[in-house]
Amino acid sequence: MGIIDSHIHLYPAEVNRDPAAWAAKTGEAHWATLCTRRRSDGRAVQAFPSADELIREMDLAGVERAVLLGWYWEKPETCRWQNRFFGECVQAHPGRLAAFAALHPRAGHWPALEELHRARDEGLVGIGELSPHAQGYGVDDSVFREVLTLAADWKMPVSLHVSDPEGRDYPGRVATPLSDFTRLARECPATKFVLAHWGGLLPLHDPAALELENIFYDTAASPLLYDEGIWKKFLSVVPEDRVMFGSDYPLNLFPKLDAAPDMTRLIAQAKAAGVSEAVLGGNAERMLAR
Ligand SMILES: [Zn+2]
């Protein structure tokens, strides 16, 4: 069984050419703060590879499939634009790339649902990475709830951005109260939620979350948030069928070691921690197969 990286970000050439200028033009200021920043040592927080460069990196790292996640854009039109790009990506690389749709409830009831239909028709298989907290709507937003209901009907997983309330601070960090995610999972029991970044350690902060069988977790950006002990710590509490390997590539996860992002180092860290094939790919494969 191959490795599936369930948390990847990818952008059209127009973004990659000059990310900061693109963000200024389109009004995606929060994305720019998170993604176009340079660290104090001068290194960029992330790279902007093309789809072909991503596939080459996957080949080098032995990653069979990657799941492209949309961004939690501030503008509905940016969501639509990224979804069209993702449709082209998955059609060009059907065996290697899967993709989730970006959405913003502010598009309005019918436009949001229409966009979801279109994204599904174009081959997208999930929704997210969404962030009600960063995109500026409540977890009880009526359009958001319609989207979650449709996701359940279509068995589309929904990826949500989560930050650890006790985690490290970084520029652009938005607080995401963990109780909002348990509430969503309780009130939308037929929707499968994938809480990114170890779910902000939700099940460690609130063991009651373990009883919610529609919550899954990914490991995106782990080395920037926690040390390598997190694999054993998390998996000693959370059943392994709830955890999916994801990197957050092309974020540079080891900026002190690598000048540019690399997919191999996190896989090596996970394997050294004794992580199973289910976490490295089997669980994601099952979720994508629906
Ligand atoms: Zn992400």
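Our subject is the structure listed above.
Computed from a predicted model, the values in this text were never measured in an experiment.

Student: Explanation requested: the coordination of the zinc ion in the structure shown.
Tutor: Think of it this way: four donors in a tetrahedron around the metal ideally sit 109.5 degrees apart, and six in an octahedron ideally sit 90 or 180 degrees apart. Around the zinc ion, the protein contributes the donor atoms His7 (NE2), His9 (NE2) and Glu129 (OE), which lie 1.9 to 2.2 Å from the metal centre. Donor residues for the zinc ion, ordered by position in the chain, follow H-x1-H-x119-E. Remark: glutamate 129 occurs in strand β4 (residues 126-130) and histidine 7 occurs in strand β1 (residues 3-8); sequence separation between them is 122 residues. According to the relative accessible area criterion, glutamate 129 is buried, its value standing at 1%.

Student: Even after reading the chapter, I still don't get the pairing of strand β2 (residues 63-68), so can you show me in this structure?
Tutor: Along any regular strand, the residues point their side chains to alternate faces of the sheet. Taken together, the 4 bridges between β1 and β2 define a ladder with parallel strand orientation. Across the sheet, residue isoleucine 3 finds its bridge partner in β2, namely valine 63.

Student: Explain the side chain of glutamate 28 here, please?
Tutor: Position of glutamate 28 relative to the elements: it lies in the loop between α2 (19-26) and α3 (29-35). In this structure, glutamate 28 is buried with no salt-bridge partner, the nearest side chain bearing the opposite charge being lysine 75 at 6.5 Å. Engagement of the side chain of glutamate 28 in a polar contact is seen with the backbone nitrogen of lysine 75, the distance being 3.2 Å. Separated by 2.6 Å, the side chains of glutamate 28 and threonine 78 make a polar contact. Not counting chain neighbours up to four residues away, the residues in contact with glutamate 28 comprise Trp22, Ala23, Trp73, Glu74, Lys75 and Thr78.

Student: Explain the layout of surface pockets here, please?
Tutor: The method is simple in principle: a probe with the dimensions of a water molecule rolls over the atoms, and the space it marks as empty is what remains. Its volume calculated, the largest pocket comes out at about 770 Å³. The greatest single-element share of the lining of the largest pocket, amounting to 3 residues, is contributed by helix α11 (residues 222-225). Considered class by class, the residues forming the lining of the largest pocket number 20 nonpolar, 7 polar and 10 charged.

Student: Sorry if this is basic, but what is going on with empty space enclosed by the protein here?
Tutor: Counting across every chain of the model gives 3 cavities of 30 Å³ or more. Within this model, the largest cavity holds a volume of roughly 90 Å³. What lines the largest cavity is Ser6, Val67, Leu69, Phe100, Ser159, Val194, Asp218, Met244, Ala284, Met287 and Leu288. It is helix α14 (residues 277-289) that provides the largest number of residues to the lining of the largest cavity, a total of 3 residues.

Conventions adopted
Residues numbered from 1 in each chain as written. Predicted model: local features only at pLDDT ≥ 70, side-chain atom pairs only at ≥ 80, totals over all residues. Heavy atoms only, no water. Donors = N, O, S within 2.8 Å, 3.2 Å for Na, K, Ca; no water. Helix = DSSP H or I, 4+ residues; strand = E, 2+ residues; numbered from the N terminus. Buried < 20%, exposed > 50% of the residue type's maximum accessible area, 1.4 Å probe, protein only. Pairing = 2+ DSSP bridges. Lys, Arg positive; Asp, Glu negative; His and termini not counted. Salt bridge = Lys/Arg side-chain N within 4 Å of Asp/Glu carboxyl O. Polar contact = N/O pair within 3.5 Å; in protein donor to acceptor, adjacent residues only side chain to side chain. Contact = heavy atoms within 4.5 Å. 1 Å grid on protein atoms, 1.4 Å probe; cavity = no way out; pocket = protein on both sides within 12 Å on 5 of 7 lines; lining within 4 Å. Points joined across faces, edges and corners; volume = space filled by probe spheres on them. Nonpolar A, V, L, I, M, F, W, Y, C, P; charged D, E, K, R; others polar.

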